[in-house]
Amino acid sequence: MSNVALQFKSLFLNFSPPLSWCFQTVGAVLLTGFSLQSMAMKTNPPPQIASPPCAPPLIAPLQLSPQTFSKNKAVIVNLNPSVKQLEANQLEQPSPNRYLFKGEAKFTQPNLVVLSDQMLFDKAQQTAQFKGHVEIHQPDILLMANQVDMSEIEQTSKLKEARYQILPSRMYGQASQILLEQQSSKTTLNQATLTACTQSPEQSLTWQLKFDEVEINQQTEQVVARNARLLIKDIPVLYTPYFAYSLANRASGFLFASLGSIKSVTQKDLLQFIKIPYFFNLAPNMDSTLTVIPIDKRGVILDNEFRYLDRTHSLKLDLSSIQDQLTSKEGLSTADSAGNVTYDQKITHRWRASLNARQNWGEGLTSSIVWHEASDENFYADIPVQSQYKTVTQIPRNLKLNYQKDNLQTYVQASSYLRLRNAPLNYEKRPEVGLRYRHQVDDFSFNIQSSMTDFVLPISSTTKPEALRFNINPSIEYQLNQSYGFVKATVVGNQTMYQMQDNAGNTTGATSHSLFVPQFALKGGLIFERPITFFGKTYTQTLEPEMQYLYTPYQNQDNIPLFDTGNRSLAFSNLFAINRFSGSDRIGDANQVTTALTTRFLNSNGRQVMDAGVGQIVYFEDRRVGLTSTNPQTNSSSDIFLKLGLNVGALNVSSTLQFTQQKHNLLHANSRLKYRSPQYGTLLANYALSNNDTDAQKETLSMGGYTQLAQNWQVGVYLNYDLYNEQLYQGNLGLRYDACCWAIEFMTERTQLDNGLYNDEFKLQFELKGLSSSNQAFKKDLAKKLKF
């Protein structure tokens, strides 16, 4: 090595730390400062993934793979063998303290490569200058500049006519100058731009951000931009003279706006609105989203969602408010099925509030709050917030305090409803206190369940009574399980007492009632297995007969009111329920035997791929207890119940059917189909039939899904249809187009209202990829409806 090279090596070993720090820091600062995906997202940014297929090209070929240094270079300085190295075609010493590397100069160290036409190092001034075509390569960012000036004394670095590209998203931009100040950890960009769109010849960029100045402060973790403009096809569409956001993972900023229209039950006109949300990152575990919603004729809605989360507590508070110009002028209106509108009271200030909170106080003590309030019963029908409530008649509310330790659980709760349009008169629990205890000794278990509930009506009624109910259900179970079967014996005592409210609604003929009903059940089952082959594959088929004897003596319960009791829903497992009613106000008399036969097919991994079952109840006595005072049920056997299930690959089907005992006609059915494929999309359908061929027949079909129509197009649909009355309850259509750097979603919804008219709602949302994400709103909306 020449004397000049040896002298430079001694100089560089002192200058190398600030040199490496400069290049790595300017890359890191730009990467965090311009990671705008996190600026407007309410969750942590996603992990880095490979660049999308249509991402912009690299501004320079990335050179971070292990390098093979050119042996024909005239100058190769091994600053630290296998770690740092500098090479060039020529090394000169213009003066005693200056060293000039010329011709394809290249500095390398792990995760950093610097290329330049020439590199000049000044020992006396402690400066370095890179001229010509300068490239800086790092795993997360690429930088290019015409000139880079560094000063160790001033601890500054200046990049002139710079270009940068963030990896792997490949968002890129340029700046007339980038100034990095090491002491203040501040970086300033002048006349900067940023985009995620590919530049096509003779075409303007689809979208681009421009800034007069951007200041990135690593100490305060703040980014301040001045005179920011959003340009679409070189046309300015948004301007702000100043905005700031945090470098934290969840940073404050605008979320994407959405356009829509709504026609409510109280209006005959279609009203337009736009939602403009702004996200506030208040703390790592606390945020707030304020949405401004200007709506045609009504005014401006302010909607705020506040969220708090820590290890033991969570809280979500939603508030909405509007000075409604429409109702303050005309009053609340109601449209009938013919479209005629009448006006009621005038309301100026309309609002709603909802609180959802959960707390863990430690030592087994927890609590939860789900509460809703609104200024009037038409709020959700008129105002486009929380659209899932726009057609409901009531919203459940609950306060609960729960304590659990070992086998003991106790709770106290209050349950009620926010009454909306045409709300039914349902009982509220003010309050309910409950206790559950279980103790296991070998194959025996002792259980006790008890509750005391004060059933109160929200408004006075002369037809429905109110009462304080006390219920206790001790039970003893014996269960023996073997690989080939099981046997289970259960004895239950049901004690229920009522203290009736002395008002006009008490038509039971007494101020108190008491009821005790014992129950005994004996259940057993066997499991047989055999191998079986289908289409060249071996499965295990089981045959599982089950039988249960149930005895419950008759007790007259006709004078006891119904507070929370009804018939059980259609389910194969309800064949073995020890009470044919849900709730505690009725204990059905029984002297019966239930039999069922189930077969299952398991693959080699033990996964169930298919099952089928059939069951029926044989009655030895008439059933005299009913929900109302009706004649006894005298049939000697129940209807026939059938279940079918299939779970193969992406397809899952389940169905429960109920056939009449005599003619084997289908009476009730509940079938569900689910298909989910990464290639073809998702489809879900639910079919429900009740009381077939009777005056009370109901038949509905709910189905929906989404799929990829073409490379850039996705479509989603949802349909809730009354097959018996041939009426559409609700329909949704979502259409999304994805381009390389932008996307657009269109959603439409039609919902039947309680007056027979329809509410039509439209939403339009734009997405500029790289700035934020709409997270494919139509998929999320469909997933809620279909409960994926």
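Below you will find a few notes about this structure. (Residues numbered from 1 in each chain as written. Predicted model: local features only at pLDDT ≥ 70, side-chain atom pairs only at ≥ 80, totals over all residues. Heavy atoms only, no water.)

### Side note on the pairing of strand β39 (residues 666–677)
On a regular strand, one side chain projects to one face of the sheet and the next to the other, so that they alternate.
Next up, step 1: Pairing of strand β38 (residues 651–659) with β39 involves nine bridges; the strand directions are antiparallel. What sits directly across from Ser655, in β39, is Ser671.
Next up, step 2: Where β38 hands over to β39, the hairpin turn is made up of six residues, of which His664 adopts a positive phi near 60°.
Next up, step 3: Pairing geometry for β39 and strand β40 (residues 681–690), over nine bridges, is antiparallel. Residue pairing for β40: Lys674 is matched across the bridge by Leu684.
Next up, step 4: Hairpin remark: β39 followed by β40, antiparallel, with three residues in the connecting loop. (Pairing = 2+ DSSP bridges. Helix = DSSP H or I, 4+ residues; strand = E, 2+ residues; numbered from the N terminus.)

### As for the pattern of salt bridges
Next up, step 1: Enumeration over the complete set of coordinates arrives at 28 salt bridges.
Next up, step 2: Here Asp585 makes a salt bridge to Arg469, at a shortest N to O gap of 2.8 Å. Of this pair, Asp585 sits in the loop between β34 (581–582) and β35 (590–602) while Arg469 sits in strand β28 (residues 467–482); the two residues are 116 residues apart in sequence, bridging distant segments of the chain.
Next up, step 3: Exposure remark for Asp585: the relative accessible area of 0% places this residue in the buried category.
Next up, step 4: The exposure class assigned to Arg469 is buried, which follows from its relative accessible area of 2%.
Next up, step 5: One salt bridge in this structure joins Arg580 and Asp589, with 2.9 Å as the shortest N-O distance.
Next up, step 6: Take Asp589: its relative accessible area is 5%, and that puts it in the buried class.
Next up, step 7: Within the structure, one salt-bridge network assembled from shared partners comprises Arg298, Asp324, Arg350, Asp376 and Asp382. (Salt bridge = Lys/Arg side-chain N within 4 Å of Asp/Glu carboxyl O. Buried < 20%, exposed > 50% of the residue type's maximum accessible area, 1.4 Å probe, protein only.)

### Thoughts on the state of the cysteines
Next up, step 1: Under the criterion given, the structure shown has one disulfide.
Next up, step 2: Put simply, Cys197 and Cys741 are joined by a disulfide, and their sulfur atoms are 2.0 Å apart. In this structure, the disulfide formed by Cys197 and Cys741 twists by about 95° around the S-S bond and is classed as right-handed. Here Cys741 lies in the loop between β43 (727–738) and β44 (742–752) and Cys197 lies in the loop between β10 (186–194) and β11 (207–217), a separation of 544 residues in the sequence.
Next up, step 3: Relative accessible area serves as the criterion here: at 1%, Cys197 is assigned to the buried category. (Disulfide = S-S within 2.5 Å.)

### Describing the nonpolar core
Next up, step 1: Formed by 44 residues in total, the largest nonpolar core has its most connected members in Phe101, Met119, Phe130, Tyr164, Leu189 and Trp207.
Next up, step 2: Here the element with the most residues in this core is β11; it accounts for five residues.
Next up, step 3: Ile262, Ile301, Ala374 and Tyr389 belong to the second-largest nonpolar core, a separate cluster that totals 16 residues. (Core = buried A, V, L, I, M, F, W, Y, C linked by side-chain atoms within 4.5 Å.)

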